[in-house]
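One letter stands for each residue in the lines below.
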Amino acid sequence: MTIQLHNTATRRKEVFEPLDPDNVRMYVCGPTVYDRAHLGNARPVLVFDVLFRLLRHVYGEDAVTYVRNFTDVDDKINATALARKEAGASGTLEELVAERSDETIEWYHADMDALGALRPTKEPRATQYIAQMVAMIEDLIGKGFAYAKDGHVLFRVRRYDKYGALSGRSVDDMIAGARVEVAPYKEDPMDFVLWKPSDDELPGWDSPWGRGRPGWHIECSAMAHDLLGDTFDIHGGGNDLQFPHHENEIAQSKCAGHGFARFWMHNEMLQVEGKKMSKSLGNFFTVRDLLDQGVPGEVIRFVMLSTHYRKPMDWTEKKRAEAEKTLRKWYRIVGLAGGSEPDPVTKNALADDLNTPEAITRLHQLANAGDVNSLRFGLELLGLWSGSVPVWASVPGFHDGEMGAVFDLLRMRDAARRNKDFVEADRIRDGLQRAGVKVVDLPSGPEPEKLPSFDVDELARVWGGE
């Protein structure tokens, strides 16, 4: 299968050929762990989760290494911890920073798990790679690309003549259009921080330039190099990271002599009901907000994947309702499938620059045609099926355990019919009827319909073969 991906660095779609098919490597910028992930934070997680699944399908599960970091040293985390300390929390500021980071990472895992995202192969914390960052900074100073002053170390942007190539802007354009910090320790306003001093209260590490902590950009360069090698296949993240974060990553990594990433991929931003998500507009919410409101993770995922990753995505209540209706229908269908069967059309859609909307269109076609096993395969590849019908998608009125039993019995009846054991098929149908479940045979397969009364004991007797 040929995979084509849009490479931000070349501004065109290119055939993806990994450096080593037995060791496909991808790095995606992860969260700064100071608070709950908002809905926009979830979009790159889901985009690159689909890519991770596709790469594993094509090259093998053990052949793909996916690294997504946690930034656990940052001024925002420090500010959150300081607010806790001022509110009376016990412990040093450094201890409160670690506590907040641990708590937020636990939240993040729970929320992304609820969206059906696979855990990356490696999830490094920035604080675990301070030695690698210091070594890289020393190398850049030795080569004349960085300089130390007043406890800070800064990168000389104008020494890297390809700076701005990723975002397509010149250094002077960037200065004119960006808020650039002017500081006495900078040779040039565009120079960015690799290391900065920490006082006795803030988290910090000993270095040749005094006690301090790394700048944001050096963290990803050091972790990617340590975990994926000198050159790797794909680097991804949100569109908002192109400048300055990814430009700075490229500059410092290239000047350190690393090949760095071959493909750069960026997802577009998210809106809510046609407007930019913001607290001032009252349309800002976290993933956990939606989950707590009863919006299933599969529905959030479906809505996100319904828009191509390189287009702005608009979250609307209408899309949520339509997604839930569609998934309820599909789950009832695939809950009766005997297994999954690869569908080349679905695969080709995803291989064409992760065209998830086209893949979803294909799933509608498969559902309408009653191709249950191919539908199940497509849902698996998109991360929308985990092997069982979710409770929320069950027929209203059933409890979890009862619903699971009903669908299992329907699967047993379907298998009996395929094996032409009509006596067994009729026994299960009649037993479900006595239990208060009417079986409706549709072209897409049998579906349960709850009757006014429901007898759990009778359902158990059907299970027992009576």
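Everything discussed here concerns the structure shown above.
Here the structure is a predicted model, which is why all the values come from computation and not from measurement.

Draft legend 1. Here's a closer look at the pattern of salt bridges. Inspection of every chain in the model, using the stated rule, returns 31 salt bridges. A salt bridge links Arg-12 to Glu-14, with the shortest nitrogen-to-oxygen separation between them at 3.6 Å. Here Arg-12 falls in the partly exposed class, since its relative accessible area comes to 49%. According to the relative accessible area criterion, Glu-14 is buried, its value standing at 16%. With a shortest N-O distance of 3.7 Å, Arg-376 and Glu-380 are connected by a salt bridge. Placement of the pair is Arg-376 and Glu-380 together in helix 13 (residues 372-381), with a separation of 4 residues, close to one helical turn.

Draft legend 2. Fine view of the sheet that holds strand 10 (residues 260-267). In space, the 4 strands of this open sheet follow the order 4-3-9-10, with parallel pairing throughout. Strand pairing shows two members of the sheet lacking a second neighbour, strand 4 (64-68) and strand 10, which therefore form its edges. When strand polarity is set aside, the average angle formed by the axes of neighbouring strands in this sheet is 20 degrees. Across 5 bridges, strand 3 (residues 24-28) lies against strand 4 in parallel orientation. Counted as the bridge partner of Val-28 is Arg-68 from strand 4.

Draft legend 3. Just the packing of aromatic side chains, in detail. This model, assessed by the stated rule, comprises 9 aromatic pairs. Of the aromatic side chains, those joined through ring pairs into one cluster are Phe-232, Phe-260 and Trp-264. Over the ring of Phe-52 we find Arg-56, and its NZ or CZ is 5.0 Å from the ring centre.

Draft legend 4. Region of interest: helix 15 (residues 422-435). Across its 14 residues, helix 15 extends 20 Å between first and last C-alpha, which sits within 8% of the 20 Å expected from 1.5 Å per residue. Among the residues making up helix 15, those that are buried are Ala-425, Arg-427, Ile-428, Gly-431, Leu-432 and Ala-435. Buried residues of helix 15, seen end-on, are gathered within an arc of 160 degrees and therefore sit on one face of the element. Looking at the residues trailing helix 15, positive phi occurs at Gly-436, about 105 degrees.

Cut-offs and rules
- Residues numbered from 1 in each chain as written.
- Predicted model: local features only at pLDDT ≥ 70, side-chain atom pairs only at ≥ 80, totals over all residues.
- Heavy atoms only, no water.
- Salt bridge = Lys/Arg side-chain N within 4 Å of Asp/Glu carboxyl O.
- Buried < 20%, exposed > 50% of the residue type's maximum accessible area, 1.4 Å probe, protein only.
- Helix = DSSP H or I, 4+ residues; strand = E, 2+ residues; numbered from the N terminus.
- Pairing = 2+ DSSP bridges.
- Axes fitted to C-alpha atoms, helices over the stretch in contact; angles between N-to-C directions.
- Phe/Tyr/Trp six-rings, centres within 6.5 Å; stacked < 30°, edge-to-face > 60°.
- Lys NZ or Arg CZ within 6 Å of the ring centre and 35° of its normal.
- Expected span 1.5 Å × (residues − 1).
- Arc of directions from axis to C-beta.

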